[in-house]
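One-letter residues, chain by chain:
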Amino acid sequence: MAGQLPERSAMMKSRTLSLISLMLSCLLFCLVTPSLSLSYVDATDYQGNGRIVFVSDRDGNDEIYSMEADGSVVQRLTSNNSRDLYPDWSPDGTQIAFTSERENHVANIFIMNADGLNQTNLSNNQNTNDFYPSWSPDGSKIAFSRFTVTGSSSIYIMNNDGS
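Residues numbered from 1 in each chain as written. Predicted model: local features only at pLDDT ≥ 70, side-chain atom pairs only at ≥ 80, totals over all residues. Heavy atoms only, no water.

K.L.:
I keep staring at the environment of Asn125 and nothing clicks. Help me out?
P.N.:
Counting through the fold element by element, Asn125 comes out in the loop between strand S8 (120-121) and strand S9 (128-135). Distance in space between the C-alpha atoms of Asn125 and Asn108 is 6.5 Å, their sequence separation being 17 residues. At a separation of 3.0 Å, a polar atom in the side chain of Asn125 contacts the side chain of Asp130. (Helix = DSSP H or I, 4+ residues; strand = E, 2+ residues; numbered from the N terminus. Polar contact = N/O pair within 3.5 Å; in protein donor to acceptor, adjacent residues only side chain to side chain.)

K.L.:
Sorry, what's going on with the environment of Asn80 here?
P.N.:
For Asn80, the position within the fold is in the loop between strand S4 (75-76) and strand S5 (84-89). Of the residues examined, Asn80 reaches a relative accessible area of 18% and is grouped as buried. Taking the C-alpha atoms as reference, Asn80 lies 8.6 Å from Asn61; in sequence the two are 19 residues apart. Ignoring sequence-local partners within four residues, the contact set of Asn80 consists of Asn61, Glu63 and Arg102. (Buried < 20%, exposed > 50% of the residue type's maximum accessible area, 1.4 Å probe, protein only. Contact = heavy atoms within 4.5 Å.)

K.L.:
Just checking my understanding: could you explain unusual backbone geometry for this structure?
P.N.:
In most cases, non-glycine residues show a negative phi, while peptide bonds are predominantly trans. Positive phi outside glycine occurs at Tyr86, with the angle close to 55°. Phi at Asn104 is positive, roughly 60°, even though this residue is not glycine. With respect to the secondary-structure elements, Asn104 resides in the loop between strand S6 (95-103) and strand S7 (106-113).

K.L.:
Where do I start with the packing of aromatic side chains in this structure?
P.N.:
The geometry of an aromatic ring pair is captured by two quantities: the separation of the ring centres and the angle between the planes. Throughout the structure, instances matching the rule amount to seven aromatic pairs. Ring geometry for Phe54 and Tyr65: centres 5.7 Å apart, planes at 20°, overall stacked. With Phe54 in strand S2 (residues 51-56) and Tyr65 in strand S3 (residues 63-68), this pair connects stretches of sequence that are eleven residues apart. By relative accessible area, which is 5% here, Tyr65 ends up buried. Taking the centre distance of 5.6 Å and the plane angle of 25° together, the rings of Phe98 and Phe110 count as stacked. Taken together, the positions of Phe98 in strand S6 and Phe110 in strand S7 put the pair twelve residues apart, joining distant regions of the chain. The buried category is assigned to Phe98, whose relative accessible area is 0%. Under the relative-accessibility criterion, Phe110 is labelled buried at 3%. Directly above the ring of Tyr65 sits Arg58, whose terminal nitrogen or CZ lies 4.8 Å from the centroid. (Phe/Tyr/Trp six-rings, centres within 6.5 Å; stacked < 30°, edge-to-face > 60°. Lys NZ or Arg CZ within 6 Å of the ring centre and 35° of its normal.)

K.L.:
Please explain the environment of Ser163 as it appears in this structure.
P.N.:
Examined against the element boundaries, Ser163 turns out to sit in the segment after strand S11 (153-159). Along the backbone, Ser163 and Ser123 are 40 residues apart, and their C-alpha atoms lie at a distance of 8.4 Å. Of the polar contacts made by the side chain of Ser163, one reaches the side chain of Asp161; its length is 2.7 Å.

K.L.:
Mind showing me how you'd approach the sheet that holds S11 here?
P.N.:
Across a sheet, paired strands are connected by hydrogen bonds in the backbone, their directions being either parallel or antiparallel. Read from one edge of the open sheet, three strands run S9-S10-S11, paired in antiparallel fashion. Two strands in the sheet have a free side with no partner beyond their single neighbour: S9 and S11. Looking at each pair of strands side by side, their axes are set apart by 30° on average, direction ignored. When S9 meets strand S10 (residues 141-148), the two strands line up antiparallel, connected through six bridges. Opposite Phe131, over in S10, you have Ser145 as the bridge partner. (Pairing = 2+ DSSP bridges. Axes fitted to C-alpha atoms, helices over the stretch in contact; angles between N-to-C directions.)

Okay, structure coming up:
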């Protein structure tokens, strides 16, 4: 037993030094790559069509983009002066549910085709904020979080047509 204590101490010292080395490497990487944007990114991948949908503020505000899994063929899907957030692929990969604040700066749940066309407000609320849409496995429903002006929140479920 007594012989194990120095061995354990040496192992802990080695792990601590490895962790410090990793942290310094990350810091050095960030310092030498100033063009690297460390902004918020929300991305989901749909295996059926191989594309990733994500949020980027590369134009000055949060917009939704898609790209191939290898980073090629980047396509901007939304374009407005308000934030578009939390994209989620439909199970069949043909539509994307997302949150947008484009109507009176209130967050609502929208859907659009995978190519960005036919953007439709599903939740149409003016007094609450709706976030984090998530499709049901069969694609018939969308669950989301609703936040009220009083600060309460609940999870809601609606049909994929907003009803």
